Amino acid sequence: MPTQTFIVNGKKVSVDVEDDVRLLWVLRDLLGIHGPKYGCGLNVCKACTSHLNGAEFNPCSVPVGDIKATDEITTIEGLPATVGKELHPMQEAWLDIDVAQCGYCQPGQIMAAVALVKTVKAEGRSITDDDLDGIRNICRCGTYPRIREAIKAGAANM
């Protein structure tokens, strides 16, 4: 079995697993990282949203063999370390606004929100409703109004 090596949440990891195993299963089943959730396995629901080299991606749709040894994967567990705090500003906003209902989609929602805000800020502008409309993460509880409010609040502190 091939050995796969990459960086997760700032730590270099190696796992023995076939190239075609989806990265989500490697994270959850082999590395014990449970923040990225399984929802669809088809890159549709976005419950597993994480960051690959700082960009949003969905590990349910990426074979681990496509990940290079230099690739850096950040999950919700590693997000606070990216700002050197106990919680990332977006996580703080989520708590302040009391976004979560069941909470299942929230890690993916937060990771998508952080990626969006970084992109918008890099463009030198503020987040708009059109930007928020582009987030495709599914929330079965329908907390979208609070999610949108929290993204705006989190963006103000990023």
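None of the values given here were measured: they were computed from a predicted structure.

Rules used throughout
Residues numbered from 1 in each chain as written. Predicted model: local features only at pLDDT ≥ 70, side-chain atom pairs only at ≥ 80, totals over all residues. Heavy atoms only, no water. Core = buried A, V, L, I, M, F, W, Y, C linked by side-chain atoms within 4.5 Å. Buried < 20%, exposed > 50% of the residue type's maximum accessible area, 1.4 Å probe, protein only. Helix = DSSP H or I, 4+ residues; strand = E, 2+ residues; numbered from the N terminus. Contact = heavy atoms within 4.5 Å. Axes fitted to C-alpha atoms, helices over the stretch in contact; angles between N-to-C directions. Parallel < 35°, antiparallel > 145°, perpendicular 65-115°, else oblique. Left-handed = near helix turned anticlockwise from the far one by under 90°. Salt bridge = Lys/Arg side-chain N within 4 Å of Asp/Glu carboxyl O. 1 Å grid on protein atoms, 1.4 Å probe; cavity = no way out; pocket = protein on both sides within 12 Å on 5 of 7 lines; lining within 4 Å. Points joined across faces, edges and corners; volume = space filled by probe spheres on them. Nonpolar A, V, L, I, M, F, W, Y, C, P; charged D, E, K, R; others polar. Disulfide = S-S within 2.5 Å. Pairing = 2+ DSSP bridges.

A. Just the nonpolar core, in detail. Residues Met90, Trp94, Ile110, Ile127 and Ile151 are the most contacted members of the largest nonpolar core, which totals 22 residues. Broken down by secondary-structure element, the contributors of at least two residues to this core are helix H2 (89–97), helix H3 (106–122) and helix H5 (144–156). In terms of residues, this core owes the most to one element, H3, which gives seven residues. Not counting residues within four places of it along the chain, the set of residues in contact with isoleucine 127 comprises Leu116, Val117, Val120, Leu132, Ile151, Lys152 and Ala155. Counting residues in each nonpolar core, the second largest holds 14 residues, with Phe6, Val13, Val17 and Val26 among its members.

B. Fine view of the packing of H2 against H3. Interhelical geometry of H2 versus H3 gives an angle of 125° and a closest axis separation of 10 Å. As far as their axial angle goes, H3 and H2 are oblique. Considering only the axes of H2 and H3, their crossing is right-handed. Of the residues in H3, those touching H2 at Met90, Gln91 and Trp94 are Gln106, Gln109, Ile110, Ala113, Val114 and Val117.

C. Layout of the pattern of salt bridges. In the structure shown here, the tally under the stated rule is seven salt bridges. Of the charged contacts, one joins lysine 85 and glutamate 92 as a salt bridge, the two residues approaching to 3.9 Å between their closest N and O atoms. The exposure class assigned to lysine 85 is partly exposed, which follows from its relative accessible area of 45%. If you follow the salt bridges from partner to partner, you end up with Asp129, Asp133, Arg148 and Lys152 in one network.

D. Representation of the layout of surface pockets. Of the voids in this model, the largest pocket is the one considered here, and its volume is about 200 Å³. In terms of lining residues, the largest pocket is bounded by Gly39, Cys40, Cys45, Ala47, Cys102, Tyr104, Cys105, Ile138, Cys139, Arg140 and Cys141. Tallied by class, residues from the lining of the largest pocket come to nine nonpolar, one polar and one charged.

E. Examining the state of the cysteines more closely. Under the counting rule described, the total for this entry stands at zero disulfides. Residue cysteine 40 stays outside any disulfide, its sulfur separated by 3.8 Å from that of cysteine 45, the closest cysteine. With no disulfide of its own, cysteine 48 lies closest to cysteine 60 among cysteine sulfurs, the gap being 3.7 Å.

F. Here's a closer look at the sheet that holds strand E2 (residues 11–16). If you walk across this open sheet you meet the five strands as E2-E1-E5-E3-E4, and the pairing is mixed. This sheet does not close on itself; its edge strands, each paired only once, are E2 and strand E4 (55–57). Sheet twist, expressed as the mean angle between neighbouring strand axes with direction ignored, is 40°. Examined bridge by bridge, strand E1 (residues 3–8) and E2 share six bridges and lie antiparallel to one another. Bridging from a neighbouring strand, threonine 3 pairs with aspartate 16 of E2. Strands in contact with helix H1 (residues 23–30) are E1, E2, E4 and strand E5 (72–74); relative to E1, the strand with the most contacts, it is inclined by about 80°. Those strands touched by H3 are strand E3 (50–52), E4 and E5, and its axis lies near 45° from that of E3.

G. Inspection of unusual backbone geometry at higher detail. Although it is not a glycine, asparagine 9 adopts a positive phi angle of roughly 50°. Within the element layout of this structure, asparagine 9 appears in the loop between E1 and E2. On the accessibility criterion, asparagine 9 (23% relative accessible area) is partly exposed. Unusually for a residue other than glycine, lysine 46 sits at a positive phi of about 75°.

Geometric values such as these leave the question of function open.
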